[in-house]
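As a plain string of letters, each chain reads:
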Amino acid sequence: MDLVNIIMNAGASLGVYRAQVATASHNISNANTPGYARQDAIATETVPAEEVGVNGYIGRGVTLQGVVQNRDQFVESQLNAAFGNSASTSAQADALSTVTALDPQAKGGITDALGTFYSALRDLNQNPSDLGLRQAVVDGAQGVATAFNTTVNSISNSRSAIDQNVASLVDKVNGLTAAVADLNQRIDQAVNSGRTPNDLLDVRQNDLDQLAQMIGARPIPDDHSSVNIVLPDGTCLVSGIVASKLSIQANSSNNNHYEIVFKPSDGTSSSPLKNSEMGGQIGGLLVSRDDTLGKAESGLDNLAYDLSTTINQQSELGYALDGSTGHDLFAILSAPSSAAKNLAVDASVSANPSLLAAAGSATTGPGDSTNLQAMIATENTPLPSNNLNAQQSMAKLTSDFGIAVSTVNDSAEFDKNLLTDLTNARESASGVSVDDELIHLTAAQTAYNALTKVVTTTNAMLDALMKLI
Amino acid sequence: MRVTEKMIFESTVAQTATSRQNLEVAQNEVASGTRVQHPGDDPVAAALSVGHTVDKARFAAVGQDAQRAADELNAADTALDGLSTVTSRAMEIATQFGNDSYGATDRATAAVEVNGLFQQAVGLLNTTYGGRYIFGGSKDNAVPFQADGTYVGDDNTRTVEVAPGLYQTASLDANNIVKGANGGTDLMKTLTDLSTALKSNDGAGIRTALDSVNQCVSQIAAGRTQAGMAVDAFQSAVSTASTAVSDETVKIGKLLDADIIDASTRLASAQYALNATLSAAAKTLTMSLADKLT
């Protein structure tokens with residue numbers, strides 16, 4: 001090998017170390033960038049070596065084979081589901097933990113109101129003609145109605161707040177799916193031209209992570225370099241470079257709460273998605289809204305309807321102070337739907353407590369409390385919808401809600417820990433260690449410095465040779 | 001495992017957040033004295049507390065109403081006590097003036113006193129408590145005994161709970177005790193008859209009235225016994241209800257209240273853990289090769 005080739009090879013090798021320094025610099029710059037995967041500038045011996053003598057070879061230096069990402073596909077394949085599950089259970093836990101309507105020690109809650117109402121009935125039983133005590137019963141009944149109104153409104157407001165949250169997330173999902181479709185196109189173009197667009201892959205991976213968190217979407221790589229995105233039930237959100245859209249619409253059969261509608265990119269008709277077809281934050285929020293909170297709301301409706309109907313049925317049998325009969329204590333509700341929201345004291349009894357039907361007969365005097373005692377007994381009457389009395393029904397509602405919250409809290413903790421383990425595994429495989437990069441930087445710098453010595457030494461040798469001429 | 005700076009940062013954030021969350025939970029428990037603030041904290045305790053809260057209110061109401069019933073019965077007993085005095089005096093008069101040694105003038109004078117006793121009895125039997133006539137039966141909003149002794153109340157008695165669902169008679173049947181409706185003797189008629197006999201100087205009539213007064217004394221005594229027994233039952237109910245309210249309060253406390261010693265210990269532990277986490281983070285975060293390279 002002549003001296004000029006040595007200088008040429010050394011010059012080419014300097015480029016490899018410049019690339020390694022640049023890669024280390026890029027890695028350090030992106031040490032905290034979400035979605036970034038550490039890159040390696042891979043150096044390899046330049047082949048073929050120059051053949052010298054009979055069996056001798058002299059190498060030609062080093063060549064940059066490429067700059068590659070470090071990703072552990074085994075970890076990546078598990079992370080997607082972990083993102084979706086953790087986001088789903090965390091969203092549920094967050095949504096449910098803010099609902100205080102069923103707190104056991106909440107003042108003015110239904111439990112307190114029921115206790116106050118039946119206490120007022122008992123007080124009136126002691127002196128049925130006392131108008132002050134009759135007013136206290138009306139106030140107690142109004143307290144029950146208000147407690148139901150307030151509690152169900154609180155739950156209903158929580159459900160509406162979830163609607164707003166879901167609407168915002170749907171917009172973000174549409175933005176991300178459009179971005180992934182665009183990235184698919186750009187990545188395809190780069191790959192088709194023989195390059196590896198590491199940074200575009202990072203951006204797309206970050207978008208995929210967010211889509212998993214927001215809606216539980218799964219990436220399915222195609223035969224080229226694109227990824228298709230599907231919902232847990234298989235609905236395709238992104239196919240290659242084409243993204244479908246999601247939208248929201250009020251669902252009249254669900255108190256006008258939002259449902260999510262899938263708009264296919266091919267222009268075919270839109271269709272609403274079932275809650276079970278989505279995961280991530282959106283899926284979790286919808287499950288909280290329609291399952292846990294929806295059940296609590298319908299449970300309150302059933303309880304309000306059954307309780308008021310049972311008390312009214314007994315009230316109608318009794319007689320007011322003026323001997324009239326057929327009076328309801330609560331305004332009649334036509335159906336369990338929205339009963340808790342609409343529960344109110346009967347207007348005529350509210351305006352005139354003497355109409356409270358305490359007596360069991362029209363001929364007895366105002367001190368008769370026979371019917372009042374039957375009304376007191378309704379606190380132990382099994383209600384039609386669940387065969388439990390009012391107190392037991394309220395305990396069951398509280399228990400069902402509490403168990404749902406407790407279970408989802410446990411699940412959220414488990415999913416969070418699993419996600420932490422997997423993100424740590426991802427970070428371990430793909431994350432940037434600044435210490436590592438500084439060492440790589442120093443190693444590349446040392447090699448670079450040494451190669452410059454090779455060039456100056458070889459150049460000195462050439463000078464010496466030239467002086468012989 | 002390869003550990004990067006980002007892992008250390010994020011781990012520090014997570015550990016600090018966990019320590020702060022534990023600290024906040026313990027701090028809330030200590031500050032509020034409540035362990036179960038949300039049904040999700042302990043679903044079983046939250047559900048059980050519903051029953052105990054309603055039971056507590058129920059026992060409190062039963063106790064309060066039993067006390068009122070006892071007070072009212074005491075008022076009735078006081079009235080009957082006054083009626084006993086009336087009948088005792090009527091008996092004395094009947095005994096004294098039943099003796100034929102007394103003449104028409106003396107007996108006419110005694111008749112005036114008996115008329116006064118009659119009015120006194122009417123007054124006692126029209127006693128009100130809490131704004132209603134306690135001897136009127138269910139017709140407690142109007143005077144039950146008219147000036148001539150006619151009873152316009154009814155024989156319905158009221159009942160009040162001594163335990164949830166268990167009722168005890170809480171009023172006296174004046175139609176029976178005073179008017180002798182069920183084969184007894186009518187006190188008002190007896191006093192009227194005595195007065196009439198005294199006015200008409202009818203010795204035999206006076207002695208007949210004496211027998212009737214004796215029967216009325218027995219009826220009133222029986223009424224007082226009935227009132228006394230009912231008062232005992234209600235006082236017992238008051239005591240039982242008070243104990244039950246205390247029991248329910250304790251049960252609710254056991255279910256929902258924080259164990260302050262345990263919560264304080266966890267608070268101290270959480271403070272220690274947070275302190276340790278922050279100290280460890282402060283040491284770890286400053287370690288970098290960049291500081292060592294020159």
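Remember, it's a predicted structure, so these values are computed and weren't measured experimentally. (Residues numbered from 1 in each chain as written. Chains lettered and ligands numbered in written order. Predicted model: local features only at pLDDT ≥ 70, side-chain atom pairs only at ≥ 80, totals over all residues. Heavy atoms only, no water.)

1. Quick word on the interface of chain A and chain B
Now for step 1: At the interface, 58 residues of chain A touch 52 residues of chain B.
Now for step 2: Across the chain A/chain B interface, buried area totals approximately 4,300 Å², and carbon plus sulfur atoms make up 52% of it.
Now for step 3: Joining chain A to chain B, the criterion identifies four salt bridges.
Now for step 4: Across the salt bridge formed by A:Arg122 and B:Glu161, the nearest N and O atoms sit 2.3 Å from each other.
Now for step 5: Between chain A and chain B we count 22 residue pairs in polar contact (both at pLDDT 80 or more) in total.
Now for step 6: Listing elements by their share of the side of chain A that touches chain B, those giving two or more residues are α2 (73-97), α3 (110-126), α9 (370-377), α10 (390-430) and α11 (434-468) of chain A.
Now for step 7: Of the residues forming the side of chain A that touches chain B, the biggest block, 15 residues, is contributed by α10(A).
Now for step 8: Along the lines of polarity and charge, the residues of the side of chain A that touches chain B split into 20 nonpolar, 27 polar and eleven charged. (Contact = heavy atoms within 4.5 Å. Buried area = accessible area lost by both parts, 1.4 Å probe. Salt bridge = Lys/Arg side-chain N within 4 Å of Asp/Glu carboxyl O. Polar contact = N/O pair within 3.5 Å; in protein donor to acceptor, adjacent residues only side chain to side chain. Helix = DSSP H or I, 4+ residues; strand = E, 2+ residues; numbered from the N terminus. Nonpolar A, V, L, I, M, F, W, Y, C, P; charged D, E, K, R; others polar.)

2. Here's the deal with the pattern of salt bridges
All names here are of chain A.
Now for step 1: On inspection of all chains with the given rule, the structure shows 34 salt bridges over all chains.
Now for step 2: With a shortest N-O distance of 2.8 Å, Arg289 and Asp290 are connected by a salt bridge.
Now for step 3: Overlapping salt bridges bring together Arg71, Glu76, Asp202, Asp209 and Arg426 as one network.

3. Overview of the packing of aromatic side chains
Residues and elements named next belong to chain B.
Now for step 1: Tallying each qualifying case throughout the model produces four aromatic pairs over all chains.
Now for step 2: Ring plane angle 50° and centroid distance 4.6 Å describe the contact between Phe97 and Tyr102, whose orientation is recorded as tilted.
Now for step 3: Residue Tyr102 is classed as partly exposed on the basis of its relative accessible area, which comes to 26%.
Now for step 4: Considering the side-chain rings of Phe145 and Tyr151, the 4.8 Å spacing of their centres and the 45° angle between planes classify their relative orientation as tilted.
Now for step 5: Using a relative accessible area of 1% as the deciding quantity, one classes Phe145 as buried. (Phe/Tyr/Trp six-rings, centres within 6.5 Å; stacked < 30°, edge-to-face > 60°. Buried < 20%, exposed > 50% of the residue type's maximum accessible area, 1.4 Å probe, protein only.)

4. Digging into the packing of helix α1 (residues 5-32) of chain B against helix α7 (residues 260-285) of chain B
Residues and elements named next belong to chain B.
Now for step 1: At a closest axis distance of 8 Å, the pairing of α1 and α7 adopts a crossing angle of 160°. Looking at the two axes, α1 sits roughly antiparallel to α7. Note that α1 runs across α7; the crossing there is left-handed.
Now for step 2: For the contact of α1 with α7, the per-class residue count stands at 14 nonpolar, ten polar and three charged. (Axes fitted to C-alpha atoms, helices over the stretch in contact; angles between N-to-C directions. Parallel < 35°, antiparallel > 145°, perpendicular 65-115°, else oblique. Left-handed = near helix turned anticlockwise from the far one by under 90°.)

5. What to know about α2(A)
All names here are of chain A.
Now for step 1: Across its 25 residues, α2 extends 36 Å between first and last C-alpha, which sits within 8% of the 36 Å expected from 1.5 Å per residue.
Now for step 2: Along its length, α2 shows its largest kink, about 25°, at Leu79.
Now for step 3: Two or three places before Phe74, at the opening of α2, Asp72 has a side-chain oxygen 3.0 Å from that residue's backbone nitrogen. (Expected span 1.5 Å × (residues − 1). Bend = angle between axes of the 7 residues up to and from the residue.)

6. Some points on the pairing of strand β7 (residues 236-239) of chain A
Residue and element names in this part refer to chain A.
Now for step 1: Where strand β6 (residues 227-230) lies against β7, two bridges are found, and the strand directions are antiparallel. The partner of Ile229 across the bridge, within β7, is Val238.
Now for step 2: What sits between β6 and β7 in their antiparallel hairpin is a turn of five residues, with Gly234 showing a positive phi close to 105°. (Pairing = 2+ DSSP bridges.)

7. Some remarks on the sheet that holds strand β5 (residues 218-221) of chain A
All names here are of chain A.
Now for step 1: Read across the open sheet, the four strands follow the order β5-β6-β7-β8; overall the sheet is antiparallel. Each edge of the open sheet is held by one strand with a lone partner, namely β5 and β8 (242-243).
Now for step 2: Here β5 runs beside β6; their pairing, made up of four bridges, is antiparallel. Counterpart to Pro219 in the pairing with β6 is Ile229.
Now for step 3: Relative to the sheet, helix α4 (residues 131-192) contacts β6, β7 and β8, its axis offset from that of β7 by approximately 25°.

8. Description of unusual backbone geometry
Residues and elements named next belong to chain A.
Now for step 1: One non-glycine residue, Ser338, adopts positive backbone phi at about 60°.
Now for step 2: Of note, Ser338 is situated in the loop between α6 (280-317) and α7 (339-342).
Now for step 3: We note that Asn387 has phi near 60°; this positive angle belongs to a residue other than glycine.
Now for step 4: Here Asn387 lies in the loop between α9 and α10.

9. Let's talk about helix α1 (residues 3-29) of chain A
Note that an α-helix has 3.6 residues per turn; residues three or four places apart therefore point the same way.
All names here are of chain A.
Now for step 1: Compared with an ideal rise of 1.5 Å per residue, which puts 27 residues at 39 Å, α1 spans 39 Å between its outermost C-alpha atoms and is within 8% of the ideal.
Now for step 2: Summarising the contacts, the buried residues of α1 are in contact with β1 (39-45), β4 (62-69) and α11.
Now for step 3: Between the side-chain oxygen of the N-cap and the backbone nitrogen of Val4 there are 3.3 Å, and the N-cap of α1 in question is Asp2.

10. Description of the sheet that holds strand β11 (residues 271-272) of chain A
Residue and element names in this part refer to chain A.
Now for step 1: Taken in spatial order, the three strands line up as β9-β10-β11 in an open sheet, and their pairing is antiparallel. Looking along the sheet, the strands with just one partner apiece sit at the ends: β9 (245-251) and β11.
Now for step 2: With seven bridges joining them, β9 and strand β10 (residues 257-263) adopt antiparallel strand pairing. Its bridge partner lying in β10, Ile248 is registered against Ile260.
Now for step 3: Docked against the sheet, α4 engages β9 and β10, running at close to 20° with respect to β10.

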